[in-house]
Amino acid sequence: MCADRPKHPTLKATFAERAKGASHPLSNYLLRLMELKQSNLCLSADVTSARELLHLADKVGPSIVVLKTHYDILAGWDYHPQTGTGAKLGSLARKHGFLIFEDRKFGDIGHTVQMQYTGGTARIIDWAHIVNVNMVPGKAAVQGLAEAAAKWRSRVNYEVKTSVSVGTPFPMSSTRRMEPRTTRATGISVQGRWLRQVPTNGTTTVEKEALPPYERGLLILAQMSSTGNFMNEEYTQACVEAAREHKDFVMGFVSQENLNSSPTDSFLHMTPGCQLPPEGEEENGAVMGDGLGQNYNTPAKLVGLCGTDIIIVGRGIIKAGDPQAEAKRYRDRAWTAYQKRTSQ
Ligand code: S5P
């Protein structure tokens, strides 16, 4: 299923090592979060109401590093910038430590995607750390979104500096928030915090306020999981080119395999079309499609063999009897596949 591509250094590097070389501040944050939470799981929260979404995010939050939404499939989405669903998701993201990825798949001319990203009732840019683009209209869609994000970034920065509340996120400057605090706490894990590192030399680095930086990131939809899709190799490579041209905004791809090929590529890969056979049948069990074109592969195949970084799982978790326990199982299997890949 994944092409026979030359082995790229990002296949062997740990997430912590890759964080150091990440040019995008949000990628740097996400890679550190993955290492610290020992998770490379994104929940695709495709439920039907905003209330269910918030409930699920709170339950599954400890196991995931990214929560993916389709805000337009949810009944009862509250658009209020300070108290609405986006703002509530933001506080759950801070509570549990995950990023919000609105799977909007923008796919229009540059000017229109800018308006869709920043305006309307949803004002996606205000609550989604990450969005994605369908590059069918050409590279201008990427450029349009990048410009919109740069404008947003300078507006938020200005508003924070002048202490005007903007409804998004955080009261402190990103630089302060990114600075780890160092405390003496020999060999003890610090209770109640989701971010902590294993003690080294008797010193534990505790990132108390490790909230995401004020940045927005883009994933380019470079390959799809569905049968008969039209994203051929030429298209995929055009997506890679566009990503290289906008490294300050593009974090990586939604793809089915690792697409890093030039020595300086350090993109992240998030991969949908992932399911596990039922517990107890994992060795021999097969995963079937959904009857509507969706194909599924296991975390071992996607992360281990195809070299992707984060698995995106929807119905495999949501439809389980106990989504919380199932999220833990997916997290464990995807993390094991990552550990195997980097240690071989
Ligand atoms: O190629 C793709 C790209 C995406 S973003 N295939 C996908 O399935 N997706 C999304 O991932 C899709 O829109 C859905 O939200 C999720 C997969 O859900 P599942 O229930 O099949 O795991």
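Residues numbered from 1 in each chain as written. Predicted model: local features only at pLDDT ≥ 70, side-chain atom pairs only at ≥ 80, totals over all residues. Heavy atoms only, no water.

Summing up its helical and strand segments, the protein chain has 12 helices and 10 strands in all. A fraction of 72% describes how many contacts in the protein chain between residues 6 or more apart in sequence connect residues 24 or more apart. In the form shown here, the protein chain has an accessible surface area of approximately 15800 Å², with 52% of it arising from carbon and sulfur atoms. (Helix = DSSP H or I, 4+ residues; strand = E, 2+ residues; numbered from the N terminus. Contact = heavy atoms within 4.5 Å. Areas by Shrake-Rupley, 256 points an atom, 1.4 Å probe, with all protein chains shown as cover.)

This part is about the confidence of the model for the protein chain. For the protein chain, the mean per-residue pLDDT works out to 88, and 85% of the residues sit at or above 70. Within the model, pLDDT remains below 50 along residues 163-194, and this stretch shows 70 contacts once partners closer than five positions in the same chain are excluded. This stretch, residues 196-209, has a pLDDT under 50; its non-local contacts, to residues over four places away or in other chains, come to 38 contacts. (pLDDT = per-residue confidence, 0-100.)

Counted at 1.5 Å a residue, the expected span for helix 2 (residues 25-37) with its 13 residues is 18 Å, and the 18 Å between its end C-alpha atoms agrees. Among the 13 residues that make up helix 2, 10 are buried, leaving the element largely enclosed by the rest of the structure. Among all positions in helix 2, only Leu26, Ser27, Tyr29, Leu30, Leu31, Arg32, Leu33, Met34, Leu36 and Lys37 are buried. One or two positions beyond helix 2, positive phi appears at Gln38, with a value near 50°. (Expected span 1.5 Å × (residues − 1). Buried < 20%, exposed > 50% of the residue type's maximum accessible area, 1.4 Å probe, protein only.)

Taken together, 16 residues sit near the ligand, with Asp46, Lys68, Ser225, Tyr296 and Arg315 positioned nearest. Contact between the ligand and Asp46: an oxygen atom at 2.6 Å from a side-chain N or O atom of the residue. Taking Ser225, its side chain carries an N or O atom lying 2.7 Å from a nitrogen atom of the ligand. Contact with the protein chains covers 90% of the free accessible surface of the ligand, which is 490 Å². (Near = heavy atom within 4 Å. Polar contact = N/O pair within 3.5 Å; in protein donor to acceptor, adjacent residues only side chain to side chain.)

Moving on to the sheet that holds strand 3 (residues 99-106). Spatially, 1-2-3-4-7-8-9-10 is the arrangement adopted by the 8 strands of the closed barrel, whose pairing is parallel. Strand-to-strand twist in this sheet, taken as the mean axis angle between neighbours without regard to direction, amounts to 25°. Looking at chain direction, strand 7 (residues 217-221) and strand 8 (residues 250-254) are connected through 4 bridges and run parallel. Bridge pairing in strand 8 places Leu218 opposite Val250. (Pairing = 2+ DSSP bridges. Axes fitted to C-alpha atoms, helices over the stretch in contact; angles between N-to-C directions.)

On to empty space enclosed by the protein, then. Counted according to the given criterion, the structure contains 1 cavity of 30 Å³ or more. Volume-wise, the largest cavity comes out at about 90 Å³. Every residue lining the largest cavity is listed: Ala22, Ser23, His24, Ser27, Lys247, Val250, Met251, Ser266, Phe267 and Leu268. In terms of residue class, the lining of the largest cavity is made up of 5 nonpolar, 4 polar and 1 charged. (1 Å grid on protein atoms, 1.4 Å probe; cavity = no way out; pocket = protein on both sides within 12 Å on 5 of 7 lines; lining within 4 Å. Points joined across faces, edges and corners; volume = space filled by probe spheres on them. Nonpolar A, V, L, I, M, F, W, Y, C, P; charged D, E, K, R; others polar.)

Now for the nonpolar core. The tendency in soluble globular proteins is for nonpolar side chains to be buried as a group. Leu30, Tyr117 and Ile220 are the most contacted members of the largest nonpolar core, which totals 90 residues. At 8 residues, helix 7 (residues 140-161) tops the list of elements feeding residues into this core. Setting aside chain neighbours within four positions, we find Ile220 in contact with Val133, Met135, Val142, Cys239, Ala242, Ala243, Val250, Gly252, Phe253 and Val254. (Core = buried A, V, L, I, M, F, W, Y, C linked by side-chain atoms within 4.5 Å.)

Every regular strand shows the same layout, with side chains that alternate between the two sheet faces. Neither face of strand 1 (residues 41-44) is left uncovered, since the one carrying Leu41 and Leu43 and the one carrying Cys42 and Ser44 both have all their residues buried. Two elements, strand 1 and strand 10 (residues 310-313), share 3 bridges in a ladder whose sense is parallel. Looking at the pairing, Leu41 lines up with Ile311 of strand 10. Relative to strand 2 (residues 66-69), strand 1 is paired through 3 bridges, and the arrangement is parallel. Within strand 2, the position partnered with Leu43 by the bridge is Leu67. With respect to chirality, the unit in which strand 1 leads through helix 3 (residues 50-60) into the neighbouring parallel strand 2 is right-handed. (Right-handed = clockwise from strand over helix to strand, strands pointing away.)

The next subject is the packing of aromatic side chains. Using the criterion set out here, one finds 8 aromatic pairs in the structure. Look at Tyr71 and Trp127: their rings are 6.2 Å apart centre to centre, the planes differ by 75°, and that puts the pair in the edge-to-face class. Taken together, the residues Tyr71 in the loop between strand 2 and helix 4 (85-96) and Trp127 in helix 6 (residues 124-127) connect sequence positions 56 residues apart. The exposure class of Tyr71 is buried, given its relative accessible area of 16%. Taken together, Phe15, Trp335 and Tyr338 form an aromatic cluster joined through their ring pairs. (Phe/Tyr/Trp six-rings, centres within 6.5 Å; stacked < 30°, edge-to-face > 60°.)

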